[in-house]
Amino acid sequence: MQDLVTTDWLYEHLNDENLRIIDIRGHVLPASEPHPHYFSHHAEYLQSHIPGAVFVDWVTDITNPQSPNASQIAPPEAYAALMSKLGIDKDTMVVAYDDASGMFAARMWWSLLYYGHENVAVMDGDWHKWVAEGRPTTADLPQIEPKTFIAQPNPTLRRTIDEVAQTSAILMDVRTPDEFNGKASRAKRAGHIPGAVNIPRGGLINADGTLRAPLELKDAIAQGGIQLDAPEVVVYCNGGVSASYGMLALRAAGLKNVAVYDGSWKEWGNDPDRPIS
C-alpha cells in the first residue's frame, strides 16, 4: 500500500475481508494550558465511527507506561498483544484515521512500520472530511477475531536520545515556532536541539486536513532548510506523535531515509545534560 489512501479509496474498500480500520481520534491542549494535555476520543468513537473501525487510545494503548516519557512506543510484547487482539496479522491491510488532520493516525502508521508491518496507510483527510462528504458512519462495534501479530522492530525508523546526540543527520523540529524559539515548552527547559530546523506540522497540511501535494511539500521542506537529497533526516516534536506526521510528509516529498526521535523534546528538554539552543 501507499502511505496515504483517500476517503474514496477507503469507502470503496470498506468490505474488504483483510482490511482493518483503526480509529485513533484525540486531541492535545496547548503547552500553556494546565495539565493534562493529552486526550483520546473513545466516547466519540462509541457514538459514531467509520463502519468496521476498531479504537486505539493513542495516550495509553501504544505507549510505554514504564518510560519516564510515557508517550514513547510500547514495548514489542505489549504492542503485539494489542495488534493481535485487534485482528491484525502480517496479511492485514491497516488504515488509520483520526480527527486531528492525521497527527495521531500518522503515529499509528509509524508504530506499525516500526514493528515491521508495512501494509499500513493513513486516511488522507480526517474524520471531519469523511463526515463532510456524507460517508457512512455507525455506532455498531465490530466483532473481531484475534490473530497473531509478530512485532519485529525496525531500528532504522526510530532514534534514541543518545543516537540523536551523536547523529550527523538533519534534525527537523515540527513543533510550533513559539516552542522552537523557547517561548513555550512541554518540558522543564525551553528551546530546541542545537542545529535543528523548524518546519511546523501545520505548514504541511491543507485546509481540509489532507497532506499538501508532493511539489508543495518539497518547496516547504527546502524553504525550511532541508535539502531534498539529504542523506538522513530525523524528525522530532514533543513526544514523537507530530514527528510521525513529519516523517509521513518527508516520505511523500520523496525522502526515504527518515526516522523519528521517539523521546523528542519532552525527553531532551528534561535532561539537564543535553545542550539546547
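Right above here is the structure, for reference.
Bear in mind that the values here come from a model prediction, so they are computed numbers and not experimental data.

Q: When you look at the sheet that holds strand β12 (residues 258-261) in this model, what are you seeing that I'm missing?
A: One open sheet accounts for five strands, arranged β8-β12-β11-β9-β10; its pairing is parallel. If you trace the sheet from one side to the other, it starts and ends with β8 (158-159) and β10 (197-198), each paired once. Inspection of the sheet shows strand β11 (residues 233-236) paired to β12 by three bridges, in the parallel sense. From the neighbouring strand, Val233 faces β12, where its bridge partner is Val258.

Q: For this particular structure, what's the right way to read the nonpolar core?
A: As a rule of thumb, nonpolar side chains are buried together in soluble globular proteins. By size, the foremost hydrophobic cluster in this structure holds 58 residues, and its most contacted members are Tyr79 and Met108. The set of elements that each furnish at least two residues to this core consists of α3 (76-85), β6 (93-97), α4 (103-114), β7 (120-123), α8 (214-223), β11, α9 (241-252) and β12. With 10 residues, the single largest contributor to this core is α4. Setting aside anything within four residues of it in sequence, one finds Met108 in contact with Ile22, Ile24, Val56, Ile62, Tyr79, Met83 and Ala96.

Q: For this particular structure, what's the right way to read the environment of Val56?
A: Note on placement: Val56 falls in the loop between β5 (54-55) and α3. A sequence separation of 33 residues divides Val56 from Asp23, and the C-alpha atoms of the two residues are 6.2 Å apart. The contacts of Val56, once residues within four sequence positions are left out, are Ile22, Asp23, Ile24, Asp61, Ile62, Leu86 and Met108.

Q: I would appreciate a short explanation of the pattern of salt bridges in the present structure.
A: When the charged atoms of two side chains with opposite charge come close together, those side chains can pair. Across all of its chains, the model carries 14 salt bridges by this definition. In this structure, the salt-bridge partner of Glu133 is Arg135, at a minimum N-O distance of 3.0 Å. On the basis of relative accessible area, Arg135 is assigned to the buried category, the value being 17%. Look at the salt bridges and you will find they share partners, linking Asp8, Lys129, Glu133 and Arg135 into a network.

Q: Please explain the side chain of Arg135 as it appears in this structure.
A: Within the secondary structure, Arg135 is located in the loop between α5 (127-132) and β8. Within the local environment of Arg135, its side chain forms a polar contact with the side chain of Asp8, the two groups lying 2.3 Å apart. Within the structure, Arg135 has its side chain in polar contact with the side chain of Glu133 (distance 3.0 Å). Those residues in contact with Arg135 that lie beyond four places of it in its chain are Thr7, Asp8, Tyr11 and Trp130.

Q: How should the side chain of Thr7 be read in this particular structure?
A: Mapped onto the elements of the fold, Thr7 is located in helix α1 (residues 7-12). Owing to a relative accessible area of 2%, Thr7 belongs among the buried residues under this scheme. One polar contact links Thr7 to Glu133, side chain to side chain, over a distance of 2.8 Å. Among all residues touching Thr7, those that are not within four sequence positions of it are Met123, Asp124, Lys129, Trp130, Glu133 and Arg135.

Q: I would appreciate a short explanation of the sheet that holds β7 in the present structure.
A: Within a sheet, each strand pairs with its neighbour through backbone hydrogen bonds, oriented either parallel or antiparallel. The sheet built from five strands is open, its strands ordered β1-β7-β6-β2-β5 with parallel pairing. Looking at strand neighbours, the two that pair on one side only are β1 (4-5) and β5, the edges of this open sheet. Of the pairings in the sheet, the one linking β1 to β7 comprises two bridges and is parallel in character. Counted as the bridge partner of Val5 is Met123 from β7. Along the sheet face, α4 touches β2 (19-23), β6 and β7 and points at about 175 degrees away from the line of β7.

Q: Just checking my understanding: could you explain the environment of Asn270 for this structure?
A: Looking at the element boundaries, Asn270 is found in the segment after α10 (264-268). Among the residues examined, Asn270 registers a relative accessible area of 32% and is labelled partly exposed. Through-space distance from the C-alpha of Asn270 to that of Leu10 is 41 Å; in sequence the pair is 260 residues apart. Setting aside chain neighbours within four positions, we find Asn270 in contact with Ala187, Lys188 and Trp265.

Q: Where do I start with the packing of α8 against α9 in this structure?
A: Packed helices, taken two at a time, are described by the angle between their axes plus the distance between the axes. Between α8 and α9, the shortest axis-to-axis distance is 8 Å and the interhelical angle comes to 110 degrees. In this view, α8 runs roughly perpendicular relative to α9, as classed from their interaxial angle. The handedness of the crossing between α8 and α9 is left-handed. Mapping the contact onto sequence places Pro214, Leu217 and Ile221 in α8 and Ala249, Leu250 and Ala252 in α9. Per-class residue counts for the contact of α8 with α9 are six nonpolar, no polar and no charged.

Rules of the game
- Residues numbered from 1 in each chain as written.
- Predicted model: local features only at pLDDT ≥ 70, side-chain atom pairs only at ≥ 80, totals over all residues.
- Heavy atoms only, no water.
- Pairing = 2+ DSSP bridges.
- Helix = DSSP H or I, 4+ residues; strand = E, 2+ residues; numbered from the N terminus.
- Core = buried A, V, L, I, M, F, W, Y, C linked by side-chain atoms within 4.5 Å.
- Buried < 20%, exposed > 50% of the residue type's maximum accessible area, 1.4 Å probe, protein only.
- Contact = heavy atoms within 4.5 Å.
- Salt bridge = Lys/Arg side-chain N within 4 Å of Asp/Glu carboxyl O.
- Polar contact = N/O pair within 3.5 Å; in protein donor to acceptor, adjacent residues only side chain to side chain.
- Axes fitted to C-alpha atoms, helices over the stretch in contact; angles between N-to-C directions.
- Parallel < 35°, antiparallel > 145°, perpendicular 65-115°, else oblique.
- Left-handed = near helix turned anticlockwise from the far one by under 90°.
- Nonpolar A, V, L, I, M, F, W, Y, C, P; charged D, E, K, R; others polar.

Keep in mind that these numbers describe shape and distance, not what the molecule does.
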